[in-house]
Amino acid sequence: MQSSSNTQKFILKLFPEIMIKGASAKRQMVGQLYVNLQKILEKIDSNIGVKKFSDKIEILSPVSVLVEVKQALLDTSGIEYILEALQFDNMDTLDKIKETVGDLVRDEIEGKSIVVRVKRTGTHDFTSPEIARTVGGYLLAHTEARCVDLRNAEHTVNMELIHHQLNVITSKYKGLSGFPIGTQGDILSLMSGGFDSTVASYLTMKRGLKTHFVFFNLGGAAHEIGVKQVALYLWSKFGSSHRVKFISVPFDDVITEIFRSTGASYMGVTLKRLMIQASEKIADEMEIDALLTGESVAQVSSQTLRNLALIDKVSTKLILRPLSTMNKPDIMAIADSIGTRHFAENMPEYCGVISQNPITHGSFKRMEKEAGYFNYEVLDKAVINAQHIYVDEIVDDVNNLAAVEVVSKLDPHKNVVIDIRAEGECIQTSCKSIRIPFHKLKTEFEKLPQDKDYLLYCEKGIMSQLHAQYLRDEKKSDSVKVYRPKPT
């Protein structure tokens, strides 16, 4: 009989590159994935079971949290395929197996050609081909299946028999692939919150790197909240098995010093060099060996091969650029698939410096000369004043910052609540509530009557803070606030 009508089994097939490692490395990676899954799934439901094998991991989930568990598995690196399965115990005879499978798939195979695929582990009185022939014959004789077709069947019955436990596979999903986070060391990502840096960070997380974030603040509270928001999203979705840091470096004085010391055509490259230098200092403190950027060859003037060489010259750290040969549409397609496009499109833009007639093939000698004019005490001070928090503390940090007033009590005569969440039903309140997804807010807000007090609402208050601050900065409205209902 099935183990429980209130549980669902998942069989996780491992990333093939894990399986070809030596015994010790494979054992370590499977062990790390097991620990990661325990940490991630414990946050969903403490009753979820996780069982480790040498070549797979099995999850037994309460049906009540099935959707959340499946999504968590799809977002966890190290998993190649996720198989949904129904588990039946005490399957020690062919008769039990064929009758159980027949009862299960009867309706699904009506009028269809079928094929039975079997994997078997353990000692039995019958072989895998014998199971397949017996089950196939039984299905033809006792159901409305049309025929058996070994090559182009309309329905495949997938089964695994492990000793006396039968798993009938009901669905198969492609996983994230990659290595489990925690198996490939740490990296520090230079995060601007745009398309490139977020996709680059996702790719290193997917490859098993514990990815920390460093942000160079050129635009004040709104920009910082925006970048924290996307860093929290990436971590929550793809990396929550490990604690990582978010470091914010105040760079306004550095920008001032660039304007004082640097020739106009070299300002852009100088800014990137200084960001790398600051990142190296922070990485040294954190004992991190590599830096990550979202740079792509020739995308902007500072990203020609020569200028990238000029930038790399200031650091002895390994600098990874996973997007270096990718086209922008490909990068944006990944952003679409991982859910960061709307964040990037609505991130406040603060370039800091824009070179006049920027060099595209800089001179090493001229670059060293320009660098000699810069007062590096300003850079050292920025690094000293950097703020370090863990990404999982961002929600409390942003709300404590209170850049925009937070309102819990509504006035039906004055207030209009704007629900800025991308999905779901519009929040119902005691005053008028309207729905404007955050990625449409900038254009749609201008169309609203300006004689009302608007309160932005989202689930955790982070996006509301960002966009309320943005609307204030743009002087579109001084009356925008954040709505956070009191806990019930």
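Residues numbered from 1 in each chain as written. Predicted model: local features only at pLDDT ≥ 70, side-chain atom pairs only at ≥ 80, totals over all residues. Heavy atoms only, no water.

Engineer: Help me understand the nonpolar core in this model?
Structural biologist: The tendency in soluble globular proteins is for nonpolar side chains to be buried as a group. With 59 residues, the main nonpolar core has Phe 246 and Ile 418 as its most contacted residues. The element that contributes the greatest number of residues to this core is helix α7 (residues 220-239), accounting for eight residues. Not counting residues up to four positions away in its chain, the partners in contact with Ile 418 are Ile 434, Ile 436, Leu 441, Phe 445, Leu 448, Tyr 454, Leu 455, Leu 456 and Tyr 457. Of all hydrophobic cores here, the second largest spans 35 residues; its members include Ile 247, Ile 255, Leu 274 and Met 367. (Core = buried A, V, L, I, M, F, W, Y, C linked by side-chain atoms within 4.5 Å. Buried < 20%, exposed > 50% of the residue type's maximum accessible area, 1.4 Å probe, protein only. Helix = DSSP H or I, 4+ residues; strand = E, 2+ residues; numbered from the N terminus. Contact = heavy atoms within 4.5 Å.)

Engineer: Can you help me understand the sheet that holds strand β7 (residues 155-162) in this one?
Structural biologist: By definition, the strands of a sheet pair up through backbone hydrogen bonds, in either a parallel or an antiparallel sense. The mixed open sheet is built from eight strands, whose spatial order is β2-β3-β1-β4-β8-β7-β5-β6. Both edges of this open sheet fall to β2 (49-52) and β6 (147-148), since each of them pairs with a single strand only. One ladder, built from five bridges, connects β7 with strand β8 (residues 165-177); its direction is antiparallel. The residue bridging Leu 161 from the neighbouring strand is Leu 166, located in β8. Across the sheet, helix α3 (residues 66-74) is in contact with β1 (7-14), β3 (56-62), β4 (79-88) and β8; its angle to β1 comes to roughly 5 degrees. The strands touched by helix α5 (residues 128-142) are β5 (113-121), β6 and β7; relative to β5, the strand with the most contacts, the crossing angle is about 150 degrees. (Pairing = 2+ DSSP bridges. Axes fitted to C-alpha atoms, helices over the stretch in contact; angles between N-to-C directions.)

Engineer: What should I look at first to understand the side chain of Ser 296 in this one?
Structural biologist: Relative to the helices and strands, Ser 296 resides in the loop between β12 (290-292) and α10 (305-312). The buried category is assigned to Ser 296, whose relative accessible area is 3%. A polar side-chain atom of Ser 296 sits 3.2 Å from the main-chain carbonyl oxygen of Leu 323. Sequence-distant contacts of Ser 296, that is, excluding residues within four places in its chain, are made with Gln 303, Leu 323, Ser 324 and Met 326. (Polar contact = N/O pair within 3.5 Å; in protein donor to acceptor, adjacent residues only side chain to side chain.)

Engineer: What's the story with the sheet that holds strand β19 (residues 481-483) in this structure? I'm lost.
Structural biologist: Strand order across the open sheet formed by five strands is β15-β19-β18-β16-β17, with parallel pairing between neighbours. Only two strands of the sheet have a single partner each, and these edge strands are β15 (406-407) and β17 (432-435). The pairing of strand β16 (residues 415-419) with β17 spans four bridges and is parallel. If you follow Val 416 over to β17, its bridge partner there is Lys 432.

Engineer: What exactly am I supposed to notice about the environment of Trp 235 here?
Structural biologist: When you line up the elements, Trp 235 lands in helix α7. On the basis of relative accessible area, Trp 235 is assigned to the buried category, the value being 10%. Placed 177 residues apart in sequence, Trp 235 and Pro 412 show a C-alpha to C-alpha distance of 38 Å. The residues touching Trp 235, leaving out its near neighbours within four places in the chain, are Lys 43, Met 205, Ser 240, His 242, Arg 243, Val 244, Val 391 and Asp 392.

Engineer: Mind showing me how you'd approach the packing of aromatic side chains here?
Structural biologist: Two descriptors summarise a pair of aromatic rings, namely the distance from one centre to the other and the angle between the planes of the rings. This structure, assessed with the given rule, holds eight aromatic pairs. Measuring from ring centre to ring centre gives 5.4 Å for Phe 445 and Tyr 454, while their planes differ by 75 degrees; the resulting arrangement is edge-to-face. You'll find Phe 445 and Tyr 454 in the same group, each marked buried. The ring centre of Tyr 34 lies 5.2 Å from the NZ or CZ of Lys 52, which sits over that ring. The ring of Tyr 81 carries Lys 172 above its face, with NZ or CZ at 4.3 Å from the centroid. (Phe/Tyr/Trp six-rings, centres within 6.5 Å; stacked < 30°, edge-to-face > 60°. Lys NZ or Arg CZ within 6 Å of the ring centre and 35° of its normal.)

Engineer: What should I look at first to understand the environment of His 413 in this one?
Structural biologist: Secondary-structure assignment places His 413 in the loop between β15 and β16. Between the C-alpha atoms of His 413 and Leu 466, which are 53 residues apart in sequence, the distance is 26 Å.

Engineer: So what exactly am I meant to see when it comes to α5 here?
Structural biologist: It helps to recall that an α-helix has 3.6 residues per turn; residues three or four apart then point in one direction. Spanning 15 residues, α5 covers 21 Å between terminal C-alpha atoms, matching the ideal 21 Å at 1.5 Å per step. Residues of α5 that are buried make contact with α4 (94-105), β5 and β7. (Expected span 1.5 Å × (residues − 1).)

Engineer: Please explain α3 as it appears in this structure.
Structural biologist: Within α3, the full set of buried residues consists of Leu 66, Val 69, Ala 72 and Leu 73. The buried residues of α3 occupy an angular sector of 130 degrees when the element is viewed end-on, so they sit on one face. The inward-facing, buried residues of α3 abut β1, α2 (23-42), β3 and β4. (Arc of directions from axis to C-beta.)

Taken by themselves, the reported measurements are silent on function.
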